[in-house]
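Report on the structure
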Amino acid sequence: MIKRDMANVLIIGAGVAGLYASLKLREEGHDVVILELENEPGGMVRSIHMDGFIFDMGFHVIHTNNPYYKGFFFDLLRSQINEVITTAKSYYDGSLHYFPPILREIMRLPMRVRSRVLIDLARGMLYKRLGKQKGNFEDQLSLLTGEYLYKKYFKHYTEKFWGIPANQLSAKWVPQRVLPRVKGRSAQGNEWQAYPTLGGIDAIPKALAQKAYSAGVTLNLGSMVVRIKTKADRAIGLSYIKESKEHDIDFDVILSTMPLPDLFLALAKQIPNHVETRSMVYVFLCVNQPDVLGDTSMYFFPNEGVPFTRVFNQKKFGYGCAPNGSSAVEVEFPCWVEDKIWKTSDSSLIEVATSYLKDFNILKNQDVRKTAVYRQRYAYPVHSIQYTRNIDLTRQMVGLKNLFVAGRLGRFFYTDMCGAMESASIAVEDALSFLSIKANKSRRIMEK
Ligand SMILES: Cc1cc2nc3c(=O)[nH]c(=O)nc-3n(C[C@H](O)[C@H](O)[C@H](O)COP(=O)(O)OP(=O)(O)OC[C@H]3O[C@@H](n4cnc5c(N)ncnc54)[C@H](O)[C@@H]3O)c2cc1C
């Protein structure tokens, strides 16, 4: 890895947002250095390879309806991409039900409930069309789906997932939910979905990083940004630690995709107390059983008694993610850093996950060949009401003219890979306009 101590644009983080931004900036002829904490690029889009099995860090597929991004992924992976349809079931009232609920299931409800649900849904569709807005997640979603479906499918799952009451979550999170539909089984609504043919989801950042290297981007791995010095409204210096030594680097502009709370720390600023992140613990199970989860990609567990929320078999959409006759099963436990789940030992988490999966008849005895556990501190920016009210304020608190934020935790908004890249494009435009103003200013001074 080349060590450089000067960059025109310094990018913090080699997740999809940082890598994508680096390519856009190189297209404009800028000199770009990326500093990445980990020893490999990818950030959240990461996969663990173990004994012929591949596990992504949480359920990941490419999903979009934007033709630009579809084309982008096809080009990036040189058409080594499979179109997939992921499907889900949710466990409630003692059995599994397809999610999202479609008309056929709704018609099977007892008549009294069914008419109520249909009226609520019709009214919800009207409200949606009229753009009617309520303040919190609970009010807004029950407005769109009605009380019955909201309680069965959304309330408990949401509260378990986010760890806060649904009426404390912002209504801005509602559009991220897949609502009841007339037909179709896809767990991602009407979106186009795909998955790399070779490798896991990490094929994406690997290809992006390769493209960035070829375009002349300097990618400095194992480099943790620890301090950003400021003067008035400018960032004037940055220090990072690599191989236990502190280094400084000069720059004109910083584009940060590191989590916002850590950016505040690096700037020696107080983290606003409404900036909270939800963490995840993943249990990976290499299973000697071909068809775990039957015809479905994932199961949701909204019930409080079960400590995890989602189980999926990666082989259902990542066809090369487990050897023939076996399955790559992953269990997701949402948590807070340092809570009971986070601190549970790996062996107990594996024990808990496998015993529940056996109780639910998902796994049979003696099926699990190998296991692993991974803890992810920064997984989801919590869109609480307090946070959303203060979202612009929080970003303004960074308050520097030559530092731009992008990405899921960098900008602190719940988004997918395409959204992270979109935010990188916006930050790049802002950075370019800052640089062109700066260049014009220097030109005017020289002309004078
Ligand atoms: C469980 C789960 C499931 C998901 N499923 C999907 C899905 O199906 N489809 C989809 O499109 N998206 C999905 N996403 C979202 C997707 O993973 C993210 O939107 C995307 O990866 C965000 O990319 P990013 O570059 O913004 O952030 P990150 O990937 O977090 O990149 C930030 C980078 O900054 C680095 N960094 C942090 N601190 C420092 C520091 N101090 N110095 C240097 N570097 C630093 C990090 O190591 C990291 O590499 C999912 C996310 C999760 C958690």
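Parameters at a glance
- Residues numbered from 1 in each chain as written.
- Predicted model: local features only at pLDDT ≥ 70, side-chain atom pairs only at ≥ 80, totals over all residues.
- Helix = DSSP H or I, 4+ residues; strand = E, 2+ residues; numbered from the N terminus.
- Rg over C-alpha atoms; globule rule 2.2 N^0.38 Å.
- Contact = placed C-beta atoms within 7 Å.
- Near = placed C-beta within 6 Å.
- Nonpolar A, V, L, I, M, F, W, Y, C, P; charged D, E, K, R; others polar.
- Domains from an automatic or database assignment.
- Buried ≥ 20, exposed ≤ 12 C-beta atoms within 10 Å, placed from the backbone.
- Pairing = 2+ DSSP bridges.

Remarks on the overall build of the chain
Helix and strand content of the chain: 13 helices and 19 strands. Expected size for 448 residues packed as a compact globule is a radius of gyration near 22 Å; at 23 Å, the chain falls within 12% of this value. Projecting the C-alpha coordinates of the chain onto the three principal axes gives extents of approximately 80 × 50 × 40 Å. Across the chain, the fraction of contacts at a sequence separation of at least 24, relative to all contacts at a separation of at least 6, is 74%.

Thoughts on the site of the ligand
The ligand sits among 35 residues. The nearest are Gly 13, Gly 15, Gly 43, Gly 58 and Gly 407. Every element with two or more residues in the shell around the ligand is listed here: helix H1 (16–27), strand E11 (223–231) and helix H13 (417–447). Looking at the shell around the ligand, the element that brings in the most residues is H1, giving 3 residues. Taken together, the residues that form the shell around the ligand break down as 19 nonpolar, 11 polar and 5 charged. Viewed by domain, the shell around the ligand spans two of them, domain 1 (6–43 + 202–275 + 385–447) and domain 2 (61–86 + 192–197 + 277–381), each represented by three or more residues.

Things to note about the pairing of strand E17 (residues 327–335)
Taking burial as the measure, the 9 residues of E17 include 9 buried ones, the bulk of the element. Neither face of E17 is left uncovered, since the one carrying Ser 327, Val 329, Val 331, Phe 333 and Cys 335 and the one carrying Ala 328, Glu 330, Glu 332 and Pro 334 both have all their residues buried. In terms of strand pairing, strand E14 (residues 277–287) meets E17 through 9 bridges, oriented antiparallel. From the neighbouring strand, Val 283 faces E17, where its bridge partner is Val 331. Bridge analysis of strand E16 (residues 310–313) against E17 gives 4 bridges, and the strand direction is antiparallel. Residue pairing across strands places Val 311 opposite Val 331, the latter belonging to E17.

Section: the domain arrangement of the chain
Split by domain assignment, the chain resolves into domain 1 (6–43 + 202–275 + 385–447), domain 2 (61–86 + 192–197 + 277–381) and domain 3 (101–176). Contacts between the two partners involve 8 residues from domain 2 and, on the opposite side, 6 residues from domain 3. Partitioning the side of domain 2 that touches domain 3 into residue classes produces 4 nonpolar, 2 polar and 2 charged.

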